[in-house]
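Single-letter residue listing:
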Amino acid sequence: MIVPPTIAVEIFSPSQTLEEMTTKVDKLLAAGVPTVWLVIPSVQVITIYQKGNHLMSATSGILTDPVTGISVNVDEVFA
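Residues numbered from 1 in each chain as written. Predicted model: local features only at pLDDT ≥ 70, side-chain atom pairs only at ≥ 80, totals over all residues. Heavy atoms only, no water.

A.B. asks: Can you walk me through the sheet that holds strand β2 (residues 35-40) in this structure?
C.D. replies: Backbone-to-backbone hydrogen bonds join strands into a sheet, with any given pair of strands oriented parallel or antiparallel. With respect to topology, four strands assemble into an open sheet ordered β1-β2-β3-β4, the strand pairing being mixed. The open sheet has two edge strands, β1 (7-11) and β4 (54-58), and neither has a second partner. Across the sheet, the axes of successive neighbouring strands diverge by a mean angle of 15°, strand direction being ignored. (Pairing = 2+ DSSP bridges. Helix = DSSP H or I, 4+ residues; strand = E, 2+ residues; numbered from the N terminus. Axes fitted to C-alpha atoms, helices over the stretch in contact; angles between N-to-C directions.)

A.B. asks: Could you clarify how one ought to interpret the pattern of salt bridges in this entry?
C.D. replies: Pairs can form between side chains of opposite charge whenever their charged atoms are close. For the structure shown, the criterion picks out one salt bridge. Of the charged contacts, one joins K24 and E10 as a salt bridge, the two residues approaching to 3.1 Å between their closest N and O atoms. Taken together, the residues K24 in helix α1 (residues 18-30) and E10 in strand β1 connect sequence positions 14 residues apart. Here E10 falls in the buried class, since its relative accessible area comes to 14%. (Salt bridge = Lys/Arg side-chain N within 4 Å of Asp/Glu carboxyl O. Buried < 20%, exposed > 50% of the residue type's maximum accessible area, 1.4 Å probe, protein only.)

In structure tokens form, the structure reads like this:
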């Protein structure tokens, strides 16, 4: 791929460790993906990772990515 995607969305599964997922997020950011969303269904949280260690997390309400402007209703994702 010549140009990285604008966003990557990863869904954490029970077979993964948090360390594995954190490593994957770090690799995506290092490859030039500006924003990575991590969805963790077991605790119903979405976390947005960006370069510079800026994190945003939500368990309810509207979560808006400041880089892409994409918004999601967290309650609807986990309904």
